[in-house]
Amino acid sequence: MIITAWSAGHDGPAKALRGRDGSECLMSGRTNGMSTVDTLRFDGRRLHLLDQRVLPAQVRELSLDDAPAVAAAIRDMVVRGAPAIGVAAAYGAALSVAAHAGSTGWRERVERDLQTLEQSRPTAVNLGWAVRRVRALLDTAPPDPAAAVRALAESIHAADVAANRRMGEMGAALIDTRCQVLTHCNAGALATAGYGTALGVIRSAWSQGKIERVLADETRPWLQGARLTAWELLRDGIPVSLIADGAATWAMRQGLVRWVIVGADRIAANGDVANKIGTYALAVSARHHGVRFMVAAPTSTIDPQCADGDAIPIEQRAADELLGLSGQRHAAEGADAWNPVFDVTPAALVDALVTEKGVVERPDRDKIAALLATS
Ligand code: MRU
């Protein structure tokens, strides 16, 4: 593994950063005044990941050259967010096939890597979805398996960015008046192949003059809101105010929020939505206060095999993540912790599900089936 570090860029959030050798680094992409972040890029030999554990204090890239290292990076949150880990897994598979194809028993060795990738995090279905696509491709016995899997990974990568752009437009169209919106965790460029799902909607709505300010939950315990969402939005000049997770309901009560806009890690066949822990509480509060609740997610996040939210596996992470911060313990000595990192919002609390195939208002089993049946 190679680590490349850049300066933290304290000279202005929207400026491109420079590598030690003076080369421009990952933050240079701009479209329509909106910057994008290269969460991950593949050069054929290595997968380069922006290390999200240390943002925004450090801008550091890890370069990985085998599938087990990619699986470890997913497990350890170097790369996170459902679509981003799906794309990373696809590139991890490409590395595995490139390393093993042609040798005796190579399919078994690749299969072991695919299983390691698949099991690196349990809730986001995009991971299994990407790995299943690689398996199905290998089952067709392509003449050059390494080239074929690399092309598949690149197409999954490109399709995710395109899907986010479409969702951005469709989600923004639902916002009928200039307003403040609230988001949770990070469902931005960092959580996807680019542009973002929930933050894609916010970016598009901002460019149409519809966003006054974004309230961002800090999102304990990994602080994806404080560290990542705030960083991304500031780079685009979108006003953002951080709030403690517990302040969201009070903000709604004060009339400060018109829409809650979030992403998803897995959506069941009946429209129940698994997303970062705390999302369910937001949905309950939103309905109570007449605030609209939008979920933006590509159809690769819908899992028709899960009949409803009860079938979605919920990741439990180490107690240490709650008992301290940045390696410093602050909880009372002897205290234990329960640390589920996702929850499930019942479909009935979702006003709009925005996908690249279209918007589903008040999703239910029939509407989800009809959505999946459209090409
Ligand atoms: O634990 P994380 O940071 O991977 O959780 C991410 C989320 O919950 C996101 O909201 C979700 O993956 C949607 S990302 C477009």
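Scoring rules and cut-offs
Residues numbered from 1 in each chain as written. Predicted model: local features only at pLDDT ≥ 70, side-chain atom pairs only at ≥ 80, totals over all residues. Heavy atoms only, no water. Pairing = 2+ DSSP bridges. Helix = DSSP H or I, 4+ residues; strand = E, 2+ residues; numbered from the N terminus. Axes fitted to C-alpha atoms, helices over the stretch in contact; angles between N-to-C directions. Contact = heavy atoms within 4.5 Å. Buried < 20%, exposed > 50% of the residue type's maximum accessible area, 1.4 Å probe, protein only. Lys, Arg positive; Asp, Glu negative; His and termini not counted. Salt bridge = Lys/Arg side-chain N within 4 Å of Asp/Glu carboxyl O. Polar contact = N/O pair within 3.5 Å; in protein donor to acceptor, adjacent residues only side chain to side chain. Near = heavy atom within 4 Å. Areas by Shrake-Rupley, 256 points an atom, 1.4 Å probe, with all protein chains shown as cover. Nonpolar A, V, L, I, M, F, W, Y, C, P; charged D, E, K, R; others polar. Core = buried A, V, L, I, M, F, W, Y, C linked by side-chain atoms within 4.5 Å. Phe/Tyr/Trp six-rings, centres within 6.5 Å; stacked < 30°, edge-to-face > 60°. Lys NZ or Arg CZ within 6 Å of the ring centre and 35° of its normal. Right-handed = clockwise from strand over helix to strand, strands pointing away.

(A) Expanded view of the sheet that holds strand S19 (residues 358–361). Reading across the sheet, the 7 strands line up as S9-S8-S7-S10-S13-S18-S19 and stay open at both edges, with mixed pairing between neighbours. With partners counted over all chains shown, the strands left at the sheet margins are strand S9 (240–243) and S19, one partner each. The sheet shows a mean angle of 25 degrees between the axes of neighbouring strands, taken without regard to direction. Across 5 bridges, strand S7 (residues 179–183) lies against strand S8 (residues 211–217) in parallel orientation. Along S8, the bridge assignment pairs cysteine 179 with isoleucine 211. Against the sheet, helix H9 (residues 279–289) touches S7, S8, strand S10 (259–262) and strand S13 (292–296), its axis set at about 145 degrees to S13.

(B) Here's a closer look at the side chain of aspartate 217. The residue aspartate 217 is located in strand S8 in this model. One buried charge, aspartate 217, has no salt-bridge partner; the nearest side chain with opposite charge is lysine 276, at 12 Å. Engagement of the side chain of aspartate 217 in a polar contact is seen with the side chain of histidine 184, the distance being 2.8 Å. Not counting residues within four places of it along the chain, the set of residues in contact with aspartate 217 comprises Leu182, Thr183, His184, Gly225, Ala226, Ile243, Ala244, Asp245, Ala248 and Leu282.

(C) Geometry of the site of the ligand. As a matter of local geometry, the ligand sits amid 19 residues, with Arg80, Arg121, Gln224, Asn275 and Lys276 nearest to it. Separating an oxygen atom of the ligand from a side-chain N or O atom of arginine 80 is a distance of 2.8 Å. Glutamine 224 is positioned with one of its side-chain polar atoms (N or O) 2.8 Å from an oxygen atom of the ligand. In isolation the ligand exposes 410 Å². Once the protein is present, 99% of that is buried. For the shell around the ligand, the class distribution of residues is 8 nonpolar, 7 polar and 4 charged.

(D) The arrangement of the nonpolar core in detail. Leu47, Leu49, Val70 and Ile74 are the most contacted members of the largest nonpolar core, which totals 40 residues. Sorting the residues of this core by element identifies strand S4 (40–42), strand S5 (47–50), strand S6 (59–64), helix H1 (67–75), helix H2 (82–100), helix H3 (106–118), helix H4 (125–139) and helix H5 (145–174) as the ones contributing at least two each. Element by element, the count of residues in this core is highest for H2, at 12 residues. The contacts of leucine 47, once residues within four sequence positions are left out, are Leu40, Arg41, Phe42, Leu62, Ser63, Leu64, Val70, Ala88, Tyr91 and Leu95. Judged by nonpolar contacts, the second largest core, of 26 residues, contains Ala251, Met252, Ile267 and Ala286.

(E) Main features of the packing of aromatic side chains. Counting across every chain of the model gives 1 aromatic pair. Between the aromatic rings of phenylalanine 42 and tyrosine 91, the centroid separation amounts to 4.6 Å while the plane-to-plane angle is 20 degrees, which identifies the pairing as stacked. Note that phenylalanine 42 is positioned in strand S4 and tyrosine 91 in helix H2, a separation of 49 residues in sequence. With relative accessibility at 14%, the residue phenylalanine 42 sits in the buried group. The side chain of arginine 203 reaches across the aromatic face of tyrosine 195, ending 6.0 Å from its centre.

(F) Structural view of the pairing of S9. In this sheet, S9 lies alongside S8 in parallel orientation, the contact comprising 4 bridges. What sits directly across from alanine 216, in S9, is leucine 242. Handedness of the crossover joining S8 and S9 through helix H7 (residues 224–235): right-handed.

(G) Main features of H9. Listed in full, the buried residues belonging to H9 are Thr279, Leu282, Ala283, Ser285 and Ala286. Looking one or two places after H9, you find glycine 290, whose phi comes out positive at around 70 degrees.

(H) Structural context of the pattern of salt bridges. Scanning the entire structure with this criterion turns up 19 salt bridges. Of the charged contacts, one joins glutamate 232 and arginine 203 as a salt bridge, the two residues approaching to 2.9 Å between their closest N and O atoms. Within this pair, whereas glutamate 232 is found in helix H7, its partner arginine 203 is found in helix H6 (residues 198–207), the two being separated by 29 residues in sequence. Members of the salt-bridge network, linked through shared partners, are Arg121, Glu315, Arg317 and Glu321.

(I) Main features of unusual backbone geometry. Proline 56 follows leucine 55 through a cis peptide bond whose omega is -5 degrees. The topology assignment puts proline 56 in the loop between S5 and S6. Cis geometry marks the peptide bond from arginine 220 to proline 221; its omega dihedral reads 0 degrees. Within the fold, proline 221 resides in the loop between S8 and H7. You will see that threonine 219, though not glycine, has its phi angle at about 70 degrees, which is positive. Tracing the backbone shows threonine 219 in the loop between S8 and H7. Positive phi values are uncommon outside glycine, yet leucine 223 reaches one of about 60 degrees. Mapped onto the elements of the fold, leucine 223 is located in the loop between S8 and H7.

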